[in-house]
Amino acid sequence: MVVSLCDVARMVDGQLQGDGGIPITGADIIRDAQPGYITFADNARLASRLASCRASAVITPPDFRPEGIAFVTVPNVQQAFTRIVAFFRPPQQDHRVGVAATAVVSPTASLGHNVVVHDNAVIGDHVTVGDGTVIHSGVQIMAGCRLGRDAVLFPNVVLYENTVVGSRTLIHAGAVIGAYGFGYTTVAGRHQLSAQLGYVELGDDVEIGACTTIDRGTYGATVVGEGTKIDNHVMIAHNCRIGRHNVICSQVGIAGSTTTGDYVVMAGQVGIRDHVNIGDGVTIGAKAGVMNDIPPGATYVGIPATPERQQLLILAALQKLPELKKQLRTLQHTVVQLEQAAGSLTRQEAA
Amino acid sequence: MVVSLCDVARMVDGQLQGDGGIPITGADIIRDAQPGYITFADNARLASRLASCRASAVITPPDFRPEGIAFVTVPNVQQAFTRIVAFFRPPQQDHRVGVAATAVVSPTASLGHNVVVHDNAVIGDHVTVGDGTVIHSGVQIMAGCRLGRDAVLFPNVVLYENTVVGSRTLIHAGAVIGAYGFGYTTVAGRHQLSAQLGYVELGDDVEIGACTTIDRGTYGATVVGEGTKIDNHVMIAHNCRIGRHNVICSQVGIAGSTTTGDYVVMAGQVGIRDHVNIGDGVTIGAKAGVMNDIPPGATYVGIPATPERQQLLILAALQKLPELKKQLRTLQHTVVQLEQAAGSLTRQEAA
Amino acid sequence: MVVSLCDVARMVDGQLQGDGGIPITGADIIRDAQPGYITFADNARLASRLASCRASAVITPPDFRPEGIAFVTVPNVQQAFTRIVAFFRPPQQDHRVGVAATAVVSPTASLGHNVVVHDNAVIGDHVTVGDGTVIHSGVQIMAGCRLGRDAVLFPNVVLYENTVVGSRTLIHAGAVIGAYGFGYTTVAGRHQLSAQLGYVELGDDVEIGACTTIDRGTYGATVVGEGTKIDNHVMIAHNCRIGRHNVICSQVGIAGSTTTGDYVVMAGQVGIRDHVNIGDGVTIGAKAGVMNDIPPGATYVGIPATPERQQLLILAALQKLPELKKQLRTLQHTVVQLEQAAGSLTRQEAA
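Residues numbered from 1 in each chain as written. Chains lettered and ligands numbered in written order. Predicted model: local features only at pLDDT ≥ 70, side-chain atom pairs only at ≥ 80, totals over all residues.

The next point concerns the overall build of chain A. Counting secondary structure elements, chain A contains five helices and 39 strands. Computed over the C-alpha atoms, the radius of gyration of chain A is 29 Å, more than 25% above the 20 Å expected from 2.2 N^0.38 for a compact globule of 351 residues. By residue count, 56% of the 351 residues in chain A fall in the buried class. Pairs at least 24 residues apart make up 20% of the contacts formed inside chain A by residues separated by at least 6 positions. (Helix = DSSP H or I, 4+ residues; strand = E, 2+ residues; numbered from the N terminus. Rg over C-alpha atoms; globule rule 2.2 N^0.38 Å. Buried ≥ 20, exposed ≤ 12 C-beta atoms within 10 Å, placed from the backbone. Contact = placed C-beta atoms within 7 Å.)

Turning next to the domain arrangement of chain A. For chain A, the domain assignment lists domain 1 (3-88), domain 2 (157-309) and domain 3 (320-351). Here the C-alpha centre of domain 3 of chain A lies 55 Å away from the C-alpha centre of domain 2 of chain A. (Domains from an automatic or database assignment.)

Here we take up the interface of chain C and chain A. By a widely used convention, the size of an interface equals the accessible area lost when the partners come together. Contacts between chain C and chain A engage 57 residues on the former and 57 residues on the latter. Broken down by secondary-structure element, the contributors of at least two residues to the side of chain C that touches chain A are strand 20 (176-179), strand 22 (190-193), helix 4 (308-319) and helix 5 (321-350) of chain C.

On to the relation of the copies chain C and chain A, then. Expressed as a screw transformation, the operator carrying chain C onto chain A has a rotation angle of 120 degrees and an axial translation of 0.0 Å, and the superposed copies differ by an RMSD of 0.1 Å. Taken together, the rotation angle and the small translation identify this as a three-fold axis. (Least-squares fit on C-alpha atoms with pLDDT ≥ 70 in both.)

Bringing the environment of C:Gly268 into the picture now. Secondary-structure assignment places C:Gly268 in the loop between strand 33 (265-266) and strand 34 (271-272). Residues C:Gly268 and C:Thr102, 166 residues apart in the sequence, show an inter-C-alpha distance of 39 Å. The contacts of C:Gly268, once residues within four sequence positions are left out, are B:Gly253, B:Ala255, B:Gly271, C:Cys249, C:Ser250, C:Gln251, C:Val252 and C:Ala286.

Take unusual backbone geometry next. Residue and element names in this part refer to chain A. Look at the link from isoleucine 303 to proline 304: it is a cis peptide, with omega at -5 degrees. Secondary-structure assignment places proline 304 in the loop between strand 38 (299-301) and strand 39 (306-307). Of note, the phi angle at asparagine 120 is positive, near 65 degrees, even though the residue is not glycine. For asparagine 120, the position within the fold is in the loop between strand 10 (116-117) and strand 11 (122-123). Residue classification places asparagine 120 among the buried positions, given that 30 C-beta atoms sit within 10 Å.

Attention now moves to the interface of chain B and chain A. Contacts between the two partners involve 57 residues from chain B, matched on the other side by 57 residues from chain A. Per-element tally for the side of chain B that touches chain A: the top contributor is helix 5 (residues 321-350) of chain B, with 13 residues. A per-class count over the side of chain B that touches chain A returns 22 nonpolar, 24 polar and eleven charged. (Nonpolar A, V, L, I, M, F, W, Y, C, P; charged D, E, K, R; others polar.)

Quick look at the sheet that holds strand 37 (residues 289-290) of chain A now. Residues and elements named next belong to chain A. Taken together, ten strands build an open sheet; the order of strands is 8-11-14-17-20-25-28-31-34-37 and the sheet is parallel. Edge positions in the sheet fall to strand 8 (104-105) and strand 37, since each has one partner strand and no second. When strand 31 (residues 253-254) meets strand 34 (residues 271-272), the two strands line up parallel, connected through two bridges. By the bridge assignment for strand 34, isoleucine 254 is matched with isoleucine 272. (Pairing = 2+ DSSP bridges.)

Our next topic: the sheet that holds strand 25 (residues 213-215) of chain B. All names here are of chain B. Read from one edge of the open sheet, ten strands run 8-11-14-17-20-25-28-31-34-37, paired in parallel fashion. This sheet does not close on itself; its edge strands, each paired only once, are strand 8 (104-105) and strand 37 (289-290). As defined by bridge partners, strand 20 (residues 176-179) adjoins strand 25 across three bridges and the pair is classed as parallel. What sits directly across from valine 176, in strand 25, is threonine 213.

Residue and element names in this part refer to chain C. In this model, helix 3 (residues 77-88) (twelve residues) spans 17 Å end to end at C-alpha, consistent with the 16 Å of a helix rising 1.5 Å per residue. Turning to helix 3, its buried residues are Val77, Ala80, Phe81, Thr82, Ile84 and Val85. Each element contacted by the buried residues of helix 3 is listed here: helix 1 (5-11), strand 4 (26-27), strand 5 (37-40) and strand 6 (57-60). (Expected span 1.5 Å × (residues − 1).)

Structurally, A:Ala86 is set in helix 3 (residues 77-88). Considered as a pair, A:Ala86 and A:Asn156 are 70 residues apart in the sequence and their alpha carbons are 27 Å apart. Those residues within four positions of A:Ala86 in sequence are excluded, and the remaining contacts are A:Pro91 and C:Leu197.

Turning next to the confidence of the model for chain A. Per-residue pLDDT for chain A has a mean of 95; in total, 98% of the residues score no lower than 70. Taken over the whole predicted complex, pTM reads 0.95, whereas the ipTM for its chain interfaces reads 0.94. (pLDDT = per-residue confidence, 0-100.)

Bringing the environment of B:Thr185 into the picture now. Residue and element names in this part refer to chain B. The residue threonine 185 is located in strand 21 (residues 184-187) in this model. Judged by the 10 C-beta atoms lying within 10 Å of it, threonine 185 is exposed. Sequence-distant contacts of threonine 185, that is, excluding residues within four places in its chain, are made with Gln192 and Ser194.

Moving residue by residue along a regular strand, the side chains alternate between the two faces of the sheet. Residues and elements named next belong to chain C. Here strand 7 (residues 70-73) shows no split at all, with Ala70 and Val72 on one side and Phe71 and Thr73 on the other all buried. Looking at chain direction, strand 2 (residues 15-17) and strand 7 are connected through three bridges and run antiparallel. Bridging across to strand 7, glutamine 17 finds its partner in phenylalanine 71. One ladder, built from four bridges, connects strand 6 with strand 7; its direction is parallel. Within the sheet, the bridge partner assigned to threonine 60 lies in strand 7 and is threonine 73.

All names here are of chain C. Covered by surrounding structure in strand 6 are Ala57 and Ile59 together with Val58 and Thr60, the residues of both alternating faces. Pairing geometry for strand 5 and strand 6, over three bridges, is parallel. For threonine 39, the partnering residue across the bridge sits in strand 6 and is valine 58.

Take a look at the structure:
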């Protein structure tokens, strides 16, 4: 597909600066744009990266007028660029099918209006699905689940019995919601599984990443609060209560019965032990290992996790540790000599 | 559903203390119980948490008689509570179907008595399945697998060729058993995959968590011993031999050809390198990185993992490290002054 | 199955040394071989392990002639052993079916010659599949994907829209390619998902492990270069560009927009932050946490990752840290005594 830069400017209601006749063949980010492509730069700090970019034109905000390249200014750069990318690579989507002929829906399940169920999805007994929700191919929904409106379950998601999914919640492919909690009592050398009578409750506007797992509560709910976003490969164990609007990055693991407040942020590969409480607005750095409660608003990093300020001092000292070790040895040597000298002086005095 | 506390006491053969007429509408743990709910407290140390709980009644053991709340005593608190929860929220289960019409079972597969195969499960050539085993929807069982009796494979589990699954073994949704080992020889700049002729053998009474992966052996078996319990997102690489009755928490990774004894416990996010041997009864702390063999009965923590006692000393010293650095600097300063003083004294002596 | 050792030697064109009449009933590695089995030892350093092995015979290279056990020498030990294992345990494979009757293939999809589509796989609109590619049961391929020749997608793999898969690329069970990137803008306390217009592009000869996830680019491609091998449970975030012939072990997490050169090796559980660049030929040790760019050819380890040499010094010093702390205390004490002594001498001088 080829259009002129002038056409692109018109497409996004932008102000063109430069040759409107330049043919534009695609759109990509600065790093990846090819000659003939249009890219975007949403602030002037990108000027130097833009100078070495292969793109033929760029979308910018009104206050950034780059040199040496044709540009189109718009008030909302990302929105405009999204429109252009979608023009060059229109979203491919599997034709919506209502309920596909190959889907298996229990006669006791109840689907709202405009629900889409793709091929080979399986919907169990007594499941309810709200209006407009989309269930992709290969999704397995076990008995008694309740899904809100306009939710999306991507292919091969599994919901165990009684899972509750809020409205507009997205669950990515391969995620498993409601598997058994990992709790055992050891009797006569054999590990006996605890009760598994609970379920998982995901609030509205939650997002769950691919291959993420959230285990059911022992007797009641494991909860993920409204608006919380969870990346891929995250593990949330039984009985946890995750607050609202948390951001939980990839490969985080949260052990059983732990709670978090609202607006908690966890970077990648964080681990949190069981039965701790993380306050509102806490930030936890990548790979941290949390062993205790964290008060609201704090930033914790390290293994074991401590306040960031303290950890940065430790890390700085740690980088110097081999040097400290040498200095200590030198000092020991010096002190021995001083002792000998002092002994000799004292002996002279005594003499 | 509403029943009287008196009815609840009768349901679990318990001794009621307090107003039997209280209407009970649900059951949940202390943290989550609502007014009108019954909760449980299996020992007296929970008295203070119980005091601030919203529940209207509590199940306790005979020797714990809490104040200010109606209670029902029973010999086995958890068992009684399980019965009550199941009463208020009866297990939802997809109707058992024998072999569902949409399941695909190879004509050369052999199923025992009372095997249940849910919708869209696929059972390959020459697979054998023992009596009473349940295969949930979307499970994929490749050729030559052998499953014992009363095993349960939850939705979307994948078993590669020749996987052996013991009796009463549970495999949770999304787990992948028997994928290729990650072994390569690099020839002329290209990584060539090693032989992939082996398989995975899971013993009796094993549990495998959601999205856990266990790779096949190169030529023979990767083995998980009887009674071992494995949480979600665990990775066990090719040729490993995991002993009996291990407890392996979420996100642990065990590299190729490593072996463990019996009753080994690994906390979350542990990593173990290839070709090491972990003795019977070893405990490994969360996030530890194991680089060497560990003798039986030891507790190891840290990166690299060392005996716990040693690691605790290191961690304690590490928290003090910025302070140590300051003290060292102060001491250096003092020693310089002492040297100068000593030099001056010596010069005076010499004078 | 039982054959004579003489038959086994003939099977691999090997030179027999010892009793050719020994009955051979199986083949396994030294650790696991039973009496009656044949094993292999590809170099003389295995002599002592071989001495305590239960096997009845062994395959060796011509220059290793072990004592006390019958052996068969061949030029390529692993190749010969592979042939023997395959003889005793012939590969079980689900009969190839063309397109299975239960597979769902969009009428707008286009399949090459000799494509195999197993049961219940779903192939979406406008998907193209190259000659000889095998799509296992339960695989979900969304609209617009393009697959090369002779690729293999194991059961329950999910490809989101527009995923590109190179020729001879293997994707293991449960892997999810092309889920949404984890990027949000927080507006009025709510996290709003960024644009999700991109896709994933896997080069030729790539291997993707079980349950690994690779997220789509924001506007363009997340790329994995030709020949790169990725183990299970790896997370590669949106906009990453992974170079050619990388080896990425299990449970590694790479955050958004990070790039790697060619021949990069990452051990297990490494984490790499977003927007960093890893040079050609870099090696990153297990569990390392990479916070900054790494120059070509370097080996980095630790959290935060530093050059290996530096980190080894730090780790060595760290093991000694409790001892250092004690030595410092002793030294402080000594210096105090020296100060007192010096003060006393000075006072004597002054006197």
